[in-house]
Amino acid sequence: MSRSKRDFLFMSIPFFYIENLDFSQKKIFLNEETSKHIVQVLRMNEGERINLTDGKGALVGCEILEAHKKHCQVKLIDSRLTTHNSRKITIAISLLKNTSRFEWFLEKATEIGVSEIIPLICERTEKEKFRFERMNAILISAMLQSQQCWLPLLLEPVPFNKIIEESRHDQKFIAHCLPDEKHHLSVLVNKNLSSQIILIGPEGDFTNDEIRSAIQNRFIAVSLGETRLRSETAGVVAATLLCID
């Protein structure tokens with residue numbers, strides 16, 4: 001079978017996430033949640049194909065052996081390791097008062113293909129509560145919906161000062177709204193380097209002190225365009241400019 005035909009078959013089959021795939025097992029039982037989705041929601045039967053991924057690049061083609069709604073059993077047929085963006089793209093974005101808007105950002109950033117997402121706690125961050133399991137589930141869902149095999153690394157919320165002091169990325173950017181002289185992010189990104197991080201502030205933007213501290217720690221102030229963007233929109237624009245070659 002040609003590679004292009006095999007790729008089409010893989011991508012046209014439903015995707016499911018298994019955190020720890022054991023390739024030594026030829027037959028595996030899926031958990032109840034995944035089994036229920038396959039059997040009751042998609043109404044799939046014995047003999048039909050599904051794809052499994054561990055979110056670390058593995059793509060495994062399977063055949064359903066037992067279509068049980070609580071413990072669906074599948075047989076591993078084909079597997080491969082998919083490629084990923086060779087650059088590490090990190091979006092560090094303030095938590096938002098409106099949780100649904102932050103969740104929207106997580107979904108879109110995953111679809112675009114970022115490597116890492118760091119929720120920031122800034123001076124003007126209005127909400128610090130963070131439901132990690134729910135947010136990570138949103139990343140998994142977006143990864144599967146966009147038929148990818150690499151799950152972004154999601155961190156627990158981190159104080160702004162900790163990030164600017166400890167980041168070791170090759171290029172470091174901070175997007176802010178102050179009328180300072182700034183170049184557009186697209187002009188400054190060097191895609192020959194191995195890693196980039198950009199800081200996106202809360203609804204009220206970063207404070208002057210935060211911007212000054214970031215620049216002192218070798219972050220470059222950048223613009224994302226002529227219009228003033230919501231934080232979650234700015235995060236998506238930044239992700240697009242950094243990820244797309």
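Read on for a plain summary of the structure. Everything numeric in this text was worked out from a predicted model, so none of it was measured. (Residues numbered from 1 in each chain as written. Predicted model: local features only at pLDDT ≥ 70, side-chain atom pairs only at ≥ 80, totals over all residues. Heavy atoms only, no water.)

### Some points on the packing of aromatic side chains
- The final tally for this structure, using the stated rule, is four aromatic pairs.
- Ring centres 6.2 Å apart and planes at 50° place the aromatic pair F102 and F105 in the tilted group. Here F102 pairs with F105, and both are found in helix α3 (residues 99–112), just three residues apart, close to one helical turn. By the burial criterion, F102 is buried, and F105 matches it.
- Three or more aromatic residues link up through ring pairs in this structure, and these residues are F102, F105, F130 and F132. (Phe/Tyr/Trp six-rings, centres within 6.5 Å; stacked < 30°, edge-to-face > 60°. Helix = DSSP H or I, 4+ residues; strand = E, 2+ residues; numbered from the N terminus. Buried < 20%, exposed > 50% of the residue type's maximum accessible area, 1.4 Å probe, protein only.)

### Regarding the packing of α3 against helix α4 (residues 132–145)
- Interaxial distance between α3 and α4 falls to 8 Å at its minimum, and their mutual angle equals 40°. In terms of their interaxial angle, α3 and α4 are classed as oblique. The chirality of how α3 crosses α4 is right-handed. On α4, the residues touching T99, F102, E103, L106, E107, T110 and E111 of α3 are R134, M135, I138, L139, A142, M143 and Q145.
- In the contact of α3 with α4, the residues fall into seven nonpolar, three polar and four charged. (Axes fitted to C-alpha atoms, helices over the stretch in contact; angles between N-to-C directions. Parallel < 35°, antiparallel > 145°, perpendicular 65-115°, else oblique. Left-handed = near helix turned anticlockwise from the far one by under 90°. Contact = heavy atoms within 4.5 Å. Nonpolar A, V, L, I, M, F, W, Y, C, P; charged D, E, K, R; others polar.)

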